[in-house]
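Spelled out from the first residue to the last, the chains are:
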Amino acid sequence: MRVITLLGGLCVLQMQPLAADNQKPVPGKQVDLKGLESTDRIKTFERLAQAGDANGAFCLGQALIEGDGVPKDPAAGLRWITAAAAQEHPSALGYLAWIFAEGQLVPKNEARAFELYSRGAAQGDVYSLRSMGWAYRFGKGCAKDPSKALHWYEAAAKSGDEEALVALGILHEYGEGVPKDLKKASEYYYQAANQQNADGQCRLGWFFLQGLGVEKKPDLAFHLFSESAGQGWARSEGNLGFMYRYGHFVTRDLVMARAWFLKSAEHGDVDSQAALASMFEAGEGGVVDLDEARRWYEKAAASQNSYALMALGNLLLRSAGPEGAKRAKELFLEAAELGSNRAYLMLAMWSMTADKNNPSALQEARVWAEKGVSAGDPAAKVFLGNLLGHGPDGEVEASRARQLLVDAAAQGDALAKWQLGQRLLIEGKTDTKAAAKLFQEASDLGFPPAKLQLGICFQLGRGLPNNPKLALRWIIESAEAGFPEAQFYLSGLYEGGILVPRNRQKAKEWLEKARAAGYPGARAPMPKGDNSKAKTVVTLETMIFKSEK
């Protein structure tokens with residue numbers, strides 16, 4: 001059975017910008033013994049509460065609900081919190097509001113929570129001030145009102161609340177209720193980070209990494225991510241994982257990447273769970289472990305992570321037989337329903353693999369690919385372009401196939417650029433500069449097959465000046481990235497002493513790598529010199545499918 005392989009041109013995990021925060025505010029502990037020293041906090045709370053002291057009732061209630069220094073007794077704790085709130089104790093009002101907002105100990109009631117937040121805010125409770133901003137931002141117990149959300153967040157920030165500062169940064173970053181202003185967002189994140197707020201450090205680090213509203217400073221970004229990750233902030237741990245995995249402004253280190261992803265995944269970051277799974281699947285930074293890959297994909301898929309849904313489907317299709325294939329389609333459909341344009345391509349490829357014995361499989365694949373094209377997915381355009389290129393309608397199909405590749409290439413799709421370059425060479429066009437330019441663009445996007453062809457262009461002076469040094473650099477990069485044809489080609493260079501001193505040991509090593517990867521030509525005698533002219537265009541199918549051993 002042939003199976004789908006998720007390649008860089010189809011589905012890439014990479015660092016993503018931080019999503020807008022919609023987490024419910026959580027009240028902190030606010031214990032005030034009014035200057036009294038006591039070796040027994042709980043007894044002091046009890047004495048004050050029974051004497052009608054609102055602060056004592058609040059502290060005792062919170063301790064009983066959370067089991068802080070006393071056995072948990074949520075029902076008794078709720079009674080004391082309610083009694084304190086009845087006296088308009090600011091923190092008790094905020095805490096009781098949180099109980100209703102979360103549905104903790106009582107039926108969930110957002111309107112009641114909002115009323116309590118309002119009373120707490122009127123008493124100057126910082127948590128309630130921030131929560132009013134959250135309620136108006138997301139319409140929790142009230143109508144959405146971005147301008148009122150801004151007002152309450154600003155009120156909380158003036159009281160020194162670091163989480164309100166982060167929220168204000170988010171509003172300005174995404175233009176919620178205010179004009180989008182990345183510089184102002186960075187200033188709010190800076191203020192929060194300056195108070196050692198882990199979320200603020202993480203978001204400010206992202207701004208410095210990308211140069212958003214601030215001068216691009218990757219070293220400062222790495223420092224901020226490290227500071228934030230030191231506090232156990234999952235997204236910063238994941239960002240460090242991505243930096244190490246792809247060598248973004250740090251030395252690439254897959255072992256470190258896996259370690260950071262594991263920390264982040266265990267702290268609940270969904271993107272990191274998916275990334276960790278992909279590393280287990282590929283054996284990056286350690287051994288291949290498909291059981292662990294599946295476990296982490298399942299966790300991320302349960303949170304409706306589109307990449308995880310598609311990757312899990314791919315894994316099941318590859319390893320779980322007919323039932324796995326059935327489940328794979330369900331996962332691809334779920335990803336499509338969540339708005340993933342790439343899922344249509346996965347469904348198209350599913351039709352051509354798991355459902356290949358169905359007489360209408362090819363037509364179904366085309367229907368799904370057309371959906372992907374309509375959604376603007378460049379990889380779907382490449383897929384459909386290759387499908388049409390082998391269709392029955394002659395020039396009409398061929399013309400549209402080429403146009404689809406041109407469109408996908410214009411969208412920055414590396415596979416499309418590479419294929420267009422290949423076509424220019426195979427069709428015998430005299431304008432080899434255009435082909436070389438496409439190979440260069442695809443190589444700059446990190447596409448290994450294009451790196452091989454770019455190297456050959458430099459080697460032969462095809463569309464580019466002859467440059468043996470650059471030729472060898474690109475060919476080696478392609479081979480080291482795991483592209484079997486480049487490994488086979490490099491083996492021939494070492495065997496023939498072309499571009500490099502003759503070295504039969506290295507020739508043998510690269511040939512073995514090509515064989516291990518299943519490259520058909522590696523079973524034949526080693527090449528000598530340029531064998532590219534004899535090659536046909538490597539189709540999309542050969543790039544995204546491989547035979548199961």
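See above for the structure.
Residues numbered from 1 in each chain as written. Predicted model: local features only at pLDDT ≥ 70, side-chain atom pairs only at ≥ 80, totals over all residues. Heavy atoms only, no water.

Visitor: When you look at the overall build of the protein in this model, what are you seeing that I'm missing?
Guide: If you tally the helices and strands in the protein, you get 28 helices and two strands. Residues classed as buried in the protein amount to 50% of the 549 residues present. Taking as baseline every contact in the protein between residues at least 6 positions apart, the subset at least 24 positions apart corresponds to 51%. Accessible area of the protein: about 25,000 Å², with a carbon and sulfur share of 52%. (Helix = DSSP H or I, 4+ residues; strand = E, 2+ residues; numbered from the N terminus. Buried < 20%, exposed > 50% of the residue type's maximum accessible area, 1.4 Å probe, protein only. Contact = heavy atoms within 4.5 Å. Areas by Shrake-Rupley, 256 points an atom, 1.4 Å probe, with all protein chains shown as cover.)

Visitor: Would you explain the nonpolar core in this entry?
Guide: One finds L96, I99, Y117, F225, Y297 and F383 to be the most contacted residues of the largest nonpolar core, which totals 123 residues. If we skip the residues at most four places from it in the chain, Y117 touches G94, A97, W98, A101, Y127, S128, S131 and M132. L405, A408, L415 and A435 belong to the second-largest nonpolar core, a separate cluster that totals 22 residues. (Core = buried A, V, L, I, M, F, W, Y, C linked by side-chain atoms within 4.5 Å.)

Visitor: I would appreciate a short explanation of the packing of helix α15 (residues 290-302) against helix α16 (residues 306-319) in the present structure.
Guide: Relative orientation and spacing of two packed helices are given, respectively, by the angle between their axes and the distance between those axes. Between α15 and α16, the shortest axis-to-axis distance is 8 Å and the interhelical angle comes to 145°. Seen along the crossing, α15 lies across α16 with a hand that is left-handed. On α16, the residues that touch L290, A293, R294, Y297, E298, A300 and A301 of α15 are Y307, A308, L309, A311, L312, L315, L316 and R318. Grouping the constituent residues of the contact of α15 with α16 by class yields 12 nonpolar, no polar and three charged. (Axes fitted to C-alpha atoms, helices over the stretch in contact; angles between N-to-C directions. Left-handed = near helix turned anticlockwise from the far one by under 90°. Nonpolar A, V, L, I, M, F, W, Y, C, P; charged D, E, K, R; others polar.)

Visitor: Sorry, what's going on with the pattern of salt bridges here?
Guide: Between side chains of opposite charge, a pair can form as their charged atoms come close. Tallied over the entire structure, the rule returns 31 salt bridges. Where R119 meets E115, a salt bridge forms, and the shortest distance between an N and an O atom there is 3.0 Å. With R119 and E115 both in helix α5 (residues 110-122) and four residues apart, the pair spans about one turn of that helix. Each of E88, R112, E115 and R119 takes part in a single network of salt bridges with overlapping partners. (Salt bridge = Lys/Arg side-chain N within 4 Å of Asp/Glu carboxyl O.)

Visitor: What should I look at first to understand helix α23 (residues 432-444) in this one?
Guide: At 3.6 residues per turn, the α-helix brings residues three or four places apart onto the same side. Taking 1.5 Å of rise per residue, the 13 residues of α23 would be expected to cover 18 Å, and the 18 Å separating its terminal C-alpha atoms lies within 8% of that figure. Among the residues of α23, those classed as buried are A435, A436, L438, F439, A442 and S443. Burial along α23 is one-sided: seen end-on, the buried residues are contained in an arc of 160°. Those residues of α23 that are exposed and angled more than 90 degrees off the buried face are K433, K437 and D444. Those residues of α23 that are buried lie in contact with α22 (414-426), α24 (448-460) and α25 (468-480). G446, located one to two residues past α23, shows a positive phi value of around 90°. (Expected span 1.5 Å × (residues − 1). Arc of directions from axis to C-beta.)

Visitor: Mind showing me how you'd approach the side chain of T353 here?
Guide: Tracing the chain through its elements places T353 in helix α18 (residues 342-353). Residue T353 is classed as buried on the basis of its relative accessible area of 3%. Polar contacts involving the side chain of T353 include one to the main-chain carbonyl oxygen of M349, which spans 2.9 Å. (Polar contact = N/O pair within 3.5 Å; in protein donor to acceptor, adjacent residues only side chain to side chain.)

Visitor: Just to check I follow, could you spell out helix α14 (residues 270-282) for this structure?
Guide: Here α14 contains 13 residues, and its C-alpha end-to-end distance of 19 Å stays within 8% of the 18 Å for a straight helix at 1.5 Å per residue. α14 sits mainly inside the fold: 10 of its 13 residues count as buried. Every buried residue belonging to α14 is among S272, Q273, A274, A275, L276, A277, S278, M279, F280 and E281, and all of these are buried. Taken together, the buried residues of α14 touch α12 (234-246), α13 (254-266), α15 and α16. Of the residues trailing α14, G283 is marked for its positive phi of about 75°.

Visitor: How should unusual backbone geometry be read in this particular structure?
Guide: Most peptide bonds take the trans form, and the phi angle of most residues other than glycine is negative. Positive phi outside glycine occurs at Q196, with the angle close to 65°. Looking at the secondary structure, you find Q196 in the loop between α9 (182-194) and α10 (198-210). By relative accessible area, which is 43% here, Q196 ends up partly exposed. If you check the backbone angles, L499 has positive phi at about 70° while not being a glycine. By the element assignment, L499 lies in the loop between α26 (484-496) and α27 (504-516).

Visitor: Help me understand the packing of α5 against helix α6 (residues 126-138), please; the structure alone is not making it clear to me.
Guide: For the pair α5 and α6, the least separation of the axes is 8 Å and the interaxial angle reads 140°. One element, α5, and the other, α6, form an angle in the oblique class. Between α5 and α6 the crossing geometry is left-handed. Contact residues: α5 offers F114, Y117, S118, G120 and A121, while α6 offers Y127, S128, L129, S131, M132, A135 and Y136. (Parallel < 35°, antiparallel > 145°, perpendicular 65-115°, else oblique.)

Visitor: Would you mind going over the packing of aromatic side chains with me for this structure?
Guide: Summed over the entire model, instances satisfying the criterion amount to 12 aromatic pairs. Geometrically, the ring pair formed by Y95 and W98 is tilted, given 5.5 Å between the ring centres and 55° between the ring planes. Placement of the pair is Y95 and W98 together in helix α4 (residues 90-102), with a separation of three residues, close to one helical turn. Relative to Y136, the ring of F114 lies with its centre 5.4 Å away and its plane at 90°, an arrangement referred to as edge-to-face. Taken together, the residues span a long stretch of sequence, with F114 in helix α5 and Y136 in helix α6 at a distance of 22 residues. Of the two residues, F114 and Y136, both sit in the buried class. An aromatic cluster is defined as three or more aromatic residues linked by ring pairs; in this entry it consists of F58, Y95 and W98. One residue, K299, lies across the ring of W296, its end atom 5.8 Å from the ring centre. (Phe/Tyr/Trp six-rings, centres within 6.5 Å; stacked < 30°, edge-to-face > 60°. Lys NZ or Arg CZ within 6 Å of the ring centre and 35° of its normal.)

Visitor: How should I be thinking about the environment of L182 in this particular structure?
Guide: Within the secondary structure layout, L182 lies in helix α9. L182 sits 25 residues away from F207 along the chain, and the two C-alpha atoms are 8.6 Å apart. Contacts of L182, omitting those with residues within four sequence positions, involve H172, E173, F207, L212 and G213.

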